[in-house]
Amino acid sequence: MCGRRCWSTRRTLGPRPWRGRAGGRLPGRRVQGGNQRRHNLEMTQLRCWTELLGAPGQEGAGYPCRPARGSHGPQVGGLWDSLSLTSLPRRMFCVYPSTKTYFPHFDLHHDSEQIRHHGKKVVGALGDAVRHLDNLSATLSELSNLHAYNLRVDPVNFKLLSHCFQVVLGVHLGREYTPQVHVAYDKFLAAVSAVLAEKYR
Amino acid sequence: MSAASAKDPSLVTMVHWTAEEKQLITSLWGKVNVEECGGEALARLLIVYPWTQRFFSAFGNLSSPTAIIGNPKVRAHGKKVLTSFGDAVKNLDNIKATYAKLSELHCDKLHVDPENFSLLGNILIIVLATHFPKEFTPACQAAWQKLVSAVAHALALGYH
């Protein structure tokens, strides 16, 4: 005990609240006190599940994680690729046709090579972001510049893509996409969207 | 918009459903376990968007995801909410009238920000995706997104 006292009530206080190490926070977000432990747990789950999905270029995040699933579970390894190559952009264009307005130069037919390639780029960037949760602004800086000064995609579309990404995760993971994993991904995608839009004005 | 609909204001808020969309919605709804999915949807809302707990201070222990998932009042209310959603599925051509009274209730008595209807709608979509991965194709999701948007819009219509 550090023997701290409240200056007004003279009541003995406990240890100073944990403010979190730099490695536990998303940029621009102060996580204080009792929320730090929950936040760390969410980030660990995020990394675990991204590892389980087999994010490209990842060789073991070194975090305590569930073991890879056996024959009864979803495919490990190929899942991240299948997320990127077909389902995510195709689903977004189908559910939110307004998003197609940003791709007038694309062949938007089912399974077009352009959609597959673009999906791979988007999910690859998300994979990078997950591996650098502690420094999203720097990791996504070039993409942030691109979206702000060149593409000028309305930020509402980041929410639409994030929602479709979560639906794809739900479809692939089923009941394994628990509320705890859901909130971790929701926070992560919201943080990525905020970074992509941070240079807009 | 046709001349007829331009004259009748109520038609402006009608949603037009294709036969395929109706089929996608009703066939999936037939498989939904209302108690299970409704309870899960409400629990996820309270976990993923914790500020929504402000409307449920009488529900007891909502201090952790485990507490929320195991809370019997959350489960019961989730079932009630999703049962009401079923009314929309049964009355796809008149969602506005179906929710007129509930809209008034949410505005005047419950004081719920209509943004929460969209949040719950999207959570429901994700719950359906996890429960019915094979059926929840992009076309199916598109139909259900249209439905949850229509319900959210109908619930917000009575606000003043």
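Cut-offs used in this document
- Residues numbered from 1 in each chain as written.
- Chains lettered and ligands numbered in written order.
- Predicted model: local features only at pLDDT ≥ 70, side-chain atom pairs only at ≥ 80, totals over all residues.
- Heavy atoms only, no water.
- UniProt positions renumbered as here; feature names shortened; annotations may be inferred.
- pLDDT = per-residue confidence, 0-100.
- Contact = heavy atoms within 4.5 Å.
- Axes fitted to C-alpha atoms, helices over the stretch in contact; angles between N-to-C directions.
- Helix = DSSP H or I, 4+ residues; strand = E, 2+ residues; numbered from the N terminus.
- Parallel < 35°, antiparallel > 145°, perpendicular 65-115°, else oblique.
- Left-handed = near helix turned anticlockwise from the far one by under 90°.
- Nonpolar A, V, L, I, M, F, W, Y, C, P; charged D, E, K, R; others polar.

If you check an unreviewed UniProt entry, chain B appears there as Globin domain-containing protein from Gopherus evgoodei. Check the Sequence similarities (unreviewed entry) section of the UniProt entry for chain B; it says "Belongs to the globin family."

Under the annotation held in an unreviewed UniProt entry, chain A carries the name Hemoglobin D subunit alpha and is attributed to Gopherus evgoodei. For chain A, the Sequence similarities (unreviewed entry) comment in UniProt is given as "Belongs to the globin family."

Once that is clear, we can look at the confidence of the model for chain B. All names here are of chain B. Within chain B, residue pLDDT values average 91, and 92% of them lie at 70 or more. Predicted confidence for residues 1-7 stays below pLDDT 50, and this span has five contacts to residues more than four positions away or in other chains. Across the whole predicted complex the pTM is 0.75, and at the interface the ipTM reaches 0.79.

For the rest of this paragraph, the subject is the packing of helix α7 (residues 179-197) of chain A against helix α4 (residues 34-48) of chain B. The description of two helices packed together rests on the angle between their axes and the distance between the axes. At a minimum axis distance of 9 Å, the contact between α7(A) and α4(B) shows a crossing angle of 45°. Taken together, the axes of α7(A) and α4(B) lie oblique to each other. Between α7(A) and α4(B) lies a crossing whose hand is right-handed. Of α4(B), the residues touching α7(A) (which contributes Pro179(A), His182(A), Val183(A) and Asp186(A)) are Arg44(B), Ile47(B) and Val48(B). For the contact of α7(A) with α4(B), the class distribution of residues is four nonpolar, one polar and two charged.

The positions UniProt marks with the feature "domain: Globin" (unreviewed entry) are residues 16-160 of chain B. Within the segment residues 16-160 of chain B, helix and strand shares are 70% and 0% respectively, and the terminal C-alpha atoms sit 26 Å apart.

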